[in-house]
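Summary of the model geometry
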Amino acid sequence: MKKISQTEENYLKAIFSVSESKGKAASTNEISKKIQISAASVTDMFKRLAEKGLIDYKKHKGAKLTEKGNKHATKLVRKHRIWEVFLVEKLNFDWGEVHDIAEELEHINSEELINRLDKYLDFPKFDPHGDPIPDADGIFEIRSQILLSDLALGKTGIVVGVQEHAPAFLEYLDRMKLGLGSSITILEKFDFDQSLRVKIEKKEVTLTAKVAQNLFVQVV
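Because the structure is a prediction, the values reported are computed rather than measured. (Residues numbered from 1 in each chain as written. Predicted model: local features only at pLDDT ≥ 70, side-chain atom pairs only at ≥ 80, totals over all residues. Heavy atoms only, no water.)

Bringing the overall build of the protein into the picture now. Helix and strand content of the protein: eight helices and eight strands. Whereas a compact globule of 220 residues would reach a radius of gyration of roughly 17 Å, the protein reaches 19 Å, a difference of no more than 12%. On the principal axes, the C-alpha backbone points of the protein span a range of 55 × 45 × 25 Å. A burial count over the protein gives 43% of its 220 residues as buried. Residue pairs in contact within the protein that sit at least 24 positions apart in sequence constitute 60% of those at least 6 positions apart. Looking at the protein, you have 34 positive and 34 negative side-chain charges, and the mean spots of the two groups are 4 Å apart. (Helix = DSSP H or I, 4+ residues; strand = E, 2+ residues; numbered from the N terminus. Rg over C-alpha atoms; globule rule 2.2 N^0.38 Å. Buried < 20%, exposed > 50% of the residue type's maximum accessible area, 1.4 Å probe, protein only. Contact = heavy atoms within 4.5 Å. Lys, Arg positive; Asp, Glu negative; His and termini not counted. Charge placed at Lys NZ, Arg CZ, Asp CG, Glu CD.)

Printed below as a string of structure tokens:
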């Protein structure tokens, strides 16, 4: 197989991410939105990746990673998430700063480096955003989690991850003093705009539907 370019790797990772979060094939529009490229360009890349045997692609049905494509994407995701842990835990970067840096570091082609880094960090299971980190065999831990927007009235959940990684969103969470490990109890749900009145630790606040749809929690 011909060498896979960094651009192609970014597409594989984007397809992996959509499939991971939604459990289905990634549509052209979803990938277009995720990597901010025109739908026509995405379609062209899907065809190229299919020719290389990295994805199964059918028009109007989206793209799924083949076994070969999934193996390559999993390695990329592993490297990216381990680098994020290193940047936050050892170099004191904020969780909103590390994505773009890890995007560059993930393309360093050295399994030995990433395996030693993994060991140095004591084999973390999740990255700073709560996403699972595949081990050297591509296996990652599955945990029970739901979106905050799906948490029942009166129930309490512990924040374990974020679906949106945009710096502006993470900075907003920081200002709200809302992060991984925060305890949230649903006090009221508003039908008008699906916003929520919640108790975060001991403080009552209102969260928009957009925020609630981008926070993963484990039910207490």
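Attention now goes to the packing of helix H4 (residues 67-89) against helix H6 (residues 111-120). Closest axis-to-axis distance for the H4/H6 pair is 10 Å, and the angle between their directions is 45 degrees. In this view, H4 runs oblique relative to H6, as classed from their interaxial angle. H6 is crossed by H4, and the crossing has left-handed handedness. Taking contact as the criterion, the partners of Lys-75, Arg-78, Lys-79, Ile-82, Trp-83 and Phe-86 in H4 are, on H6, Glu-111, Leu-113, Ile-114, Asn-115, Leu-117, Asp-118 and Tyr-120. Per-class residue counts for the contact of H4 with H6 are seven nonpolar, one polar and five charged. (Axes fitted to C-alpha atoms, helices over the stretch in contact; angles between N-to-C directions. Parallel < 35°, antiparallel > 145°, perpendicular 65-115°, else oblique. Left-handed = near helix turned anticlockwise from the far one by under 90°. Nonpolar A, V, L, I, M, F, W, Y, C, P; charged D, E, K, R; others polar.)

Let us now look at the pairing of strand S2 (residues 62-65). Of the strand pairs in this sheet, strand S1 (residues 55-58) and S2 are connected by four bridges, and their pairing is antiparallel. In the strand pairing of S2, Lys-58 is matched with Gly-62. Between S1 and S2, which pair antiparallel and follow one another directly, the connecting turn spans three residues, one of which, His-60, has a positive phi of 70 degrees. (Pairing = 2+ DSSP bridges.)

Before going further, it helps to examine the packing of H4 against helix H5 (residues 98-105). The geometry of a pair of packed helices is captured by two quantities: the angle between their axes and the separation between those axes. At their nearest, the axes of H4 and H5 sit 9 Å apart, and the two run at 130 degrees to each other. As summarised for this structure, H4 and H5 are arranged oblique, according to the angle between their axes. Our pair here, H4 against H5, has a crossing hand that is right-handed. Mapping the contact onto sequence places His-80, Trp-83, Glu-84, Leu-87 and Val-88 in H4 and Val-98, His-99, Ile-101, Ala-102, Glu-103 and Leu-105 in H5. The class makeup of the residues in the contact of H4 with H5 is seven nonpolar, two polar and two charged.

Direction of pairing for strand S4 (residues 156-162) relative to strand S5 (residues 183-189): antiparallel, over a ladder of three bridges. Considered in S5, the bridge of Ile-158 is made with Ser-183. The pairing of S5 with strand S6 (residues 196-200) spans five bridges and is classified as antiparallel. When the bridges of S6 are listed, Thr-185 appears paired with Lys-199. Hairpin remark: S5 followed by S6, antiparallel, with six residues in the connecting loop; positive phi at Gln-194, about 60 degrees.

Size it by volume and the largest pocket reaches roughly 1600 Å³. Lining the largest pocket are 45 residues, with Ser-17, Lys-34, Gln-163, Glu-164 and His-165 positioned closest to its centre. Mapped onto the lining of the largest pocket, the elements with two or more residues apiece are helix H1 (6-22), helix H2 (28-35), H4, H5 and S4. Of the residues belonging to the lining of the largest pocket, the class tally is 14 nonpolar, 14 polar and 17 charged. Space inside the second largest pocket adds up to approximately 660 Å³. If you go around the second largest pocket, you meet 26 residues; those closest to its centre are Lys-71, His-72, Lys-75, Leu-76 and Glu-111. (1 Å grid on protein atoms, 1.4 Å probe; cavity = no way out; pocket = protein on both sides within 12 Å on 5 of 7 lines; lining within 4 Å. Points joined across faces, edges and corners; volume = space filled by probe spheres on them.)

The final tally for this structure, using the stated rule, is eleven salt bridges. Here Lys-13 makes a salt bridge to Glu-103, at a shortest N to O gap of 2.6 Å. Placement of Lys-13 in helix H1 and of Glu-103 in helix H5 is noted, with a sequence separation of 90 residues between them. (Salt bridge = Lys/Arg side-chain N within 4 Å of Asp/Glu carboxyl O.)

Ranked by size, the top nonpolar core spans 21 residues in total, and within it Leu-148, Leu-173, Leu-178, Ile-184, Val-198, Leu-207 and Leu-215 carry the most contacts. Among the secondary structure elements, those contributing two or more residues to this core are S4, helix H7 (167-175), S5, S6, strand S7 (203-207), helix H8 (209-212) and strand S8 (215-219). Membership of the second largest hydrophobic core comes to 19 residues, among which are Tyr-11, Leu-49, Leu-54 and Ala-73. (Core = buried A, V, L, I, M, F, W, Y, C linked by side-chain atoms within 4.5 Å.)

Keep in mind that these numbers describe shape and distance, not what the molecule does.
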